[in-house]
Amino acid sequence: MRIGFDAKRMFRNNSGLGNYSRSTLELMKKYYPQNSYLLYSAYDKNNVGFVIPEGVETVTPSGLLGDVAPSLWRSLSMARDIRRRKCDIYHGLSNELPLDIRHSGAKSVVTVHDLIFVRYPNLYKKADRMLYTYKYRKSCQLADRIIAISRQTKSDLMEFWGIPEEVIDVVYQGCNPIFYKRADEDTIASVRAKYGLPEDFILSVGTIEERKNLMLTVRAMAEGGIDIPLVACGRHTPYADEIMEYAVSRGISDRIIMLHNVEMNDLPAIYAMASVAVYVSIFEGFGIPIIEALNSGTPMITTKGGVFGETGGDACLYVGPYELDEMIEALHKVLDDKQTREKMTETGYRWVERFRDSAVAANLREVYHKML
């Protein structure tokens, strides 16, 4: 097969959608090297240090449109280049397909990560919601098949946009393989010194924004007599300032450590040294930090409902996203009971086997073959 990938996020995004794009290419290249892979990008520029695997072709805009308005090439005339290179399949990795995809001669599939902007419109600017709704819904209408990254996302596609169930395949995500092997003691010591981390702490990984709901953990620390520090690794937003203002008002600001530029390669060691990880987001499409923690042997407290039970199974403790008493109880249960921590670690290792690379790659391949 000749498979074309949308490489917009692959080259220019260092977080969720970029990680998914790079991982998809790397998995398919590793497990199915007999295929040909092409990367379609409006900008031939590698901003995130991604090394293109050997033998993978990059396709960038050609002609006047490519010179003047490369982003329009991606939306309006990419099909010509897909046809010219005789792709069998074109995969939109981040919710989008070219508007002219049906003129490409290729079968098309789009991965939809979530419809949070539909379910929680108050978290997005009106202009962004309108743009996402038009582009992503149109892509679903144009696609031969749709990949949803969870049953929750599949359900949302059916509920909000009326997408027929029979065209949607659920293919779970994995996490970076660097989390598969627990960091050794020398690496842990080096990373601890690099970031000045304490011996014991609660860990949160993810953008520090309102939807991620980190305030619940901080309030639990203040009101539940939990005196170990919190380390939050993620991009700064104004919500982070709100958290610090609250921490100052409750006299616990010295126990809140925010790290905004943590290197991916350092995260396995940070998970390994954490006493417990928390991810009590209001809503997600999948929740990769959950499986990062479980692969790292770190107990995880996450949210009841939504996708979180799909991702965490019976390996996590679950609390309501607005239930302070439940959060306090869960933190004490993990932090005060070594036997609980050990049981959660053991269960977590077993659960995350279903999200390993080989399973994800096989499920992707099955979708591609289904189209052909």
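Note that the coordinates shown come from a computational prediction; the quantities given were computed from them, not determined experimentally.

### Regarding the overall build of the protein
- A count of helical and extended segments in the protein gives 16 helices and 13 strands.
- Against the 2.2 N^0.38 benchmark of 21 Å for 372 residues, the protein shows a C-alpha radius of gyration of 21 Å, consistent with a compact globule.
- When its C-alpha atoms are laid out on the principal axes, the protein stretches across 65 × 45 × 40 Å.
- In the protein, which comprises 372 residues, the proportion classed as buried is 55%.

### Some thoughts on the sheet that holds strand β7 (residues 168-170)
- Strand order in the open sheet formed by 7 strands is β3-β2-β1-β4-β5-β6-β7, and the pairing between neighbours is parallel. Each of the sheet's edge strands pairs with one partner strand only, and the pair in question is β3 (57-59) and β7. Along the sheet, successive strands turn relative to each other by an average axial angle of 25 degrees, direction set aside.
- For strand β2 (residues 36-40) and β3, the ladder comprises 3 bridges, and the chain directions are parallel.

### Quick notes on the pattern of salt bridges
- Using the criterion set out here, one finds 20 salt bridges in the structure.
- Between E57 and R85 there is a salt bridge, with its nearest N and O atoms 3.1 Å apart. Taken as a pair, E57 in strand β3 and R85 in the loop between α4 (70-84) and β4 (89-92) lie far apart in primary sequence, 28 residues in all.
- Taking the shortest distance from any N to any O, the salt bridge between K304 and E326 comes out at 3.1 Å. Separated by 22 residues along the polypeptide, K304 in the loop between β12 (300-303) and α13 (308-312) and E326 in helix α14 (residues 324-335) bring together distant segments of the chain.
- Assessed through its relative accessible area of 44%, K304 is described here as partly exposed.

### Description of a nonpolar patch on the surface
- On the surface, a cluster of nonpolar side chains totalling about 370 Å² of accessible area is made up of L72, L76, L99 and Y134.
- Within the element layout of this structure, Y134 appears in helix α6 (residues 126-142).

### Focus: the pairing of strand β11 (residues 276-279)
- Alternating residues of β11 divide into V276 and V278 and A277 and Y279, and every residue in both groups is buried.
- By the bridge criterion, 2 bridges tie strand β8 (residues 202-205) to β11 in an arrangement that is parallel. Note on β11: the bridge partner recorded for I202 is V276.
- Relative to β12, β11 is paired through 3 bridges, and the arrangement is parallel. Looking at the pairing, V278 lines up with I301 of β12.

### Re the pairing of β8
- On β8, burial covers both faces: I202 and S204 on one face and L203 and V205 on the other are all buried.
- With helix α9 (residues 214-223) bridging β8 and its parallel neighbour strand β9 (residues 230-233), the resulting β-α-β unit is right-handed.

### What to know about the side chain of S21
- In this structure, S21 sits in helix α2 (residues 16-31).
- Aside from chain neighbours lying at most four places away, what touches S21 is R9, M10 and L93.

Reading guide: rules and limits
Residues numbered from 1 in each chain as written. Predicted model: local features only at pLDDT ≥ 70, side-chain atom pairs only at ≥ 80, totals over all residues. Heavy atoms only, no water. Helix = DSSP H or I, 4+ residues; strand = E, 2+ residues; numbered from the N terminus. Rg over C-alpha atoms; globule rule 2.2 N^0.38 Å. Buried < 20%, exposed > 50% of the residue type's maximum accessible area, 1.4 Å probe, protein only. Pairing = 2+ DSSP bridges. Axes fitted to C-alpha atoms, helices over the stretch in contact; angles between N-to-C directions. Salt bridge = Lys/Arg side-chain N within 4 Å of Asp/Glu carboxyl O. Patch = residues over 30% accessible without salt bridge, like charges linked within 9 Å, V, L, I, M, F, W, Y side chains within 5 Å. Areas by Shrake-Rupley, 256 points an atom, 1.4 Å probe, with all protein chains shown as cover. Right-handed = clockwise from strand over helix to strand, strands pointing away. Contact = heavy atoms within 4.5 Å.

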